[in-house]
Amino acid sequence: METTTRDKPCFCEVCGKAFTKQSVVNSHMRTHTGEKPYSCDVCGKAFTQNSSVTVHMRTHTGEKPCSCKVYGKTFTQQSEVKSHMRTHTGEKPYSCDVCGKAFTQHSSVTVHMRTHTGEKPCSCKVCGKTFIKQSEVNSHMRTHTGEKPYSCKECGKAFAQQSYVAKHMQTHTGEKPYSCEVCGKTFTQHISVTIHMRTHTGEKPCYCKVCGKTFTKESVVKLHMRTHTGEKPYSCEVCGKAFTEKSNAATHMRTHTGEKPYSCKVCGKAFTQRFNVIMHMRTHTGDIYLKSHTRDKLCSCKVCGKAFTKESEVKSHMRTHTGEKPYSCKECGKAFTQKCNFARHMQTHTGEKPYSCELCGKSFTQKISVTIHMRTHTGEKPCSCEVCGKTFTKQSVVKSHMRTHTGEKPFSCEVCGKTFTHKNNAIVHMRRIHTGEKPYSCKFCGKAFATKATVKSHMRTDC
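Source: prediction; values computed, not measured.

Along the protein, the regular secondary structure elements total 19 helices and 32 strands. The C-alpha radius of gyration of the protein comes to 35 Å, more than 25% above the 23 Å expected for a compact globule of 463 residues. In terms of principal-axis extent, the alpha carbons of the protein reach across some 120 × 50 × 45 Å. In the protein, which comprises 463 residues, the share counted as buried stands at 23%.

Dropping the structure here:
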């Protein structure tokens, strides 16, 4: 039955809306004037209608007289029951005009619209960061207060948000409900599958605004940015050494505590880093590429069977069999199998050394060289021999040292066939015995020598 103007004889003079009684018009007018004549005796909050005060008072008394007929859940007012019922019926009567997404409540549409407009009306009073809704501000505030109200019932670890507890619980249950459709790898979160898929598609949607380098996820961009800013937010509580990544600081701490959380499942030997366990396992299996280390290595070399993650890596590796060196230096003609090695070599001609040590000022062609060099100042020796336990500043020295145990001599003289454990020894042998070449000379007297070490020795004693 349609409602006529006879049924609603009273009108609002501002917007023209019709009502049945003048008292309702008077109440409605407050939406235009902003008048709130009714207030709460407890907290002083003001309202346009007296009935609103009655409902509001229930937030103080805890009274919830309205209930859901399905499960019996109680609410302070009937309108909340009506909204709640939609969780049972699945009804979503409110939709977004832009993308069509549907919602159970009109207020949810209002908040959702901000994802289209970019509006962030709620802000943090501490740092000024803005958010789409107030609940996000409340959650963010815990980064300032340090409050962690949600805890794991298994181990007691506390979290700032409830969602983090749910994710953390999967570390106890081992549950990984999300899997990759391409390789079958499983994950604890759906977002992890999305990011992982980029390893198959090659997609890198996140980029550095300074140099333009692209990455698979935003968190890696954040880490990369520290190479530009020099920021090292994580420091060692013992010696004060700073690091760009939290994981590196944690690994470094083990040099002080002696903690070795990674152990060999065969013999039980413990290590400070997971990588060292993988290297050690080879002493048991004799296999250079373990299954656990190659689960994502889907491409293999047809000559030797070595496995790789990408076909491009197989192509590069094949040059070790064919001897092909497609990258050559225009200055001296020296050829290389890989472009990165060629780029490093070019710095020997230009003399460019863009990376320097903050302590002594010594400069290097590569950033990794600075990292390794820093260990001469800190005394850190993170790489160790799995046979005798002797420690070294870098892994390549461990590899050379291992030959003292295995007796391997992979470098041989092209003239007489004599073998050596180190490449440098083979080069020195060639100069002393066969060629007589002496490429190093004393800057004071001009005397020539076969090795750099003998020049330094001469400089100390004879000049």
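Another point: the pattern of salt bridges. This structure, assessed with the given rule, holds 4 salt bridges. A salt bridge links Glu-324 to Arg-319; the nearest nitrogen and oxygen atoms lie 4.0 Å apart. Owing to a relative accessible area of 43%, Glu-324 belongs among the partly exposed residues under this scheme. A salt bridge links Glu-437 to Arg-431, with the nearest nitrogen and oxygen atoms 3.8 Å apart. You can call Glu-437 partly exposed: its relative accessible area is 41%. Residue classification places Arg-431 among the buried positions, given a relative accessible area of 15%.

What follows deals with a positive patch on the surface. A surface patch of like charges, here positive, comprises Lys-353, Lys-362, Lys-452, Lys-456 and Arg-460. One can find Lys-362 in the loop between β25 (355–356) and β26 (363–364). Residue classification places Lys-362 among the partly exposed residues on the basis of a relative accessible area of 47%.

Scored by pLDDT, the protein comes out at a mean of 84, with 95% of its residues at no less than 70. With pLDDT under 50 throughout, residues 287–297 is counted as low confidence; its partners more than four residues away or in other chains account for 15 contacts.

Here we take up the packing of aromatic side chains. Taken as a whole and judged by the stated rule, the model has 1 aromatic pair. A centroid spacing of 6.4 Å and a plane angle of 55 degrees characterise the contact between Phe-336 and Phe-342, whose relative ring orientation is tilted. With a relative accessible area of 12%, Phe-336 lands in the buried category. Since its relative accessible area comes to 22%, Phe-342 is described here as partly exposed.

Our next topic: the state of the cysteines. Overall, the coordinates contain 0 disulfides when judged by the stated rule. Cys-155 carries a free sulfur, and the closest cysteine sulfur to it, the one in Cys-152, is 3.7 Å from it. You can call Cys-155 partly exposed: its relative accessible area is 43%. Lacking any disulfide linkage, Cys-180 is separated from the closest cysteine sulfur, that of Cys-183, by 3.8 Å.

Let us look at the environment of Thr-115. Looking at where Thr-115 falls in the secondary structure, it is placed in helix α4 (residues 106–117). Here the side chain of Thr-115 touches His-112 through a polar contact of 2.5 Å, landing on its backbone oxygen.

In this fold, Arg-58 is placed in helix α2 (residues 50–61). Look at Arg-58: it is buried, it has no salt bridge, and the nearest opposite charge is Glu-63 at 4.1 Å. Look past the residues within four positions of Arg-58 in its chain and what remains in contact with it is Glu-63, Pro-65, Thr-76 and Gln-77.

Time to look at the side chain of His-56. Relative to the assigned elements, His-56 resides in helix α2. With a relative accessible area of 12%, His-56 lands in the buried category. In contact with His-56, other than residues within four places in its own chain, are Cys-40, Cys-43, Lys-45 and Phe-47.

Mapped onto the elements of the fold, Met-169 is located in helix α7 (residues 162–173). Leave out the neighbours within four places in its chain, and Met-169 touches Cys-152 and Glu-154.

The terminal C-alpha atoms of helix α17 (residues 395–406), which comprises 12 residues, lie 17 Å apart, in line with the 16 Å expected from a rise of 1.5 Å per residue. All buried positions along α17 are accounted for by Val-398, His-401 and Arg-403. Directly beyond the C-terminal end of α17, a positive phi value near 80 degrees is found at Gly-407.

The next point concerns α4. Taking 1.5 Å per residue as the helical rise, α4 with its 12 residues ought to reach 16 Å, and the 17 Å between its terminal C-alpha atoms agrees with that figure. The complete set of buried residues in α4 reads Val-109, His-112 and Arg-114. Of the residues flanking the end of α4, it is Gly-118, one or two places downstream, whose phi is positive at about 85 degrees.

Let us now look at the environment of Gly-436. When you line up the elements, Gly-436 lands in the loop between α18 (423–435) and β31 (440–441). Those residues in contact with Gly-436 that sit more than four places away from it in its chain are Met-430 and Arg-431.

Each value, and the rule that gives it
- Residues numbered from 1 in each chain as written.
- Predicted model: local features only at pLDDT ≥ 70, side-chain atom pairs only at ≥ 80, totals over all residues.
- Heavy atoms only, no water.
- Helix = DSSP H or I, 4+ residues; strand = E, 2+ residues; numbered from the N terminus.
- Rg over C-alpha atoms; globule rule 2.2 N^0.38 Å.
- Buried < 20%, exposed > 50% of the residue type's maximum accessible area, 1.4 Å probe, protein only.
- Salt bridge = Lys/Arg side-chain N within 4 Å of Asp/Glu carboxyl O.
- Patch = residues over 30% accessible without salt bridge, like charges linked within 9 Å, V, L, I, M, F, W, Y side chains within 5 Å.
- Areas by Shrake-Rupley, 256 points an atom, 1.4 Å probe, with all protein chains shown as cover.
- Lys, Arg positive; Asp, Glu negative; His and termini not counted.
- Charge placed at Lys NZ, Arg CZ, Asp CG, Glu CD.
- pLDDT = per-residue confidence, 0-100.
- Contact = heavy atoms within 4.5 Å.
- Phe/Tyr/Trp six-rings, centres within 6.5 Å; stacked < 30°, edge-to-face > 60°.
- Disulfide = S-S within 2.5 Å.
- Polar contact = N/O pair within 3.5 Å; in protein donor to acceptor, adjacent residues only side chain to side chain.
- Expected span 1.5 Å × (residues − 1).

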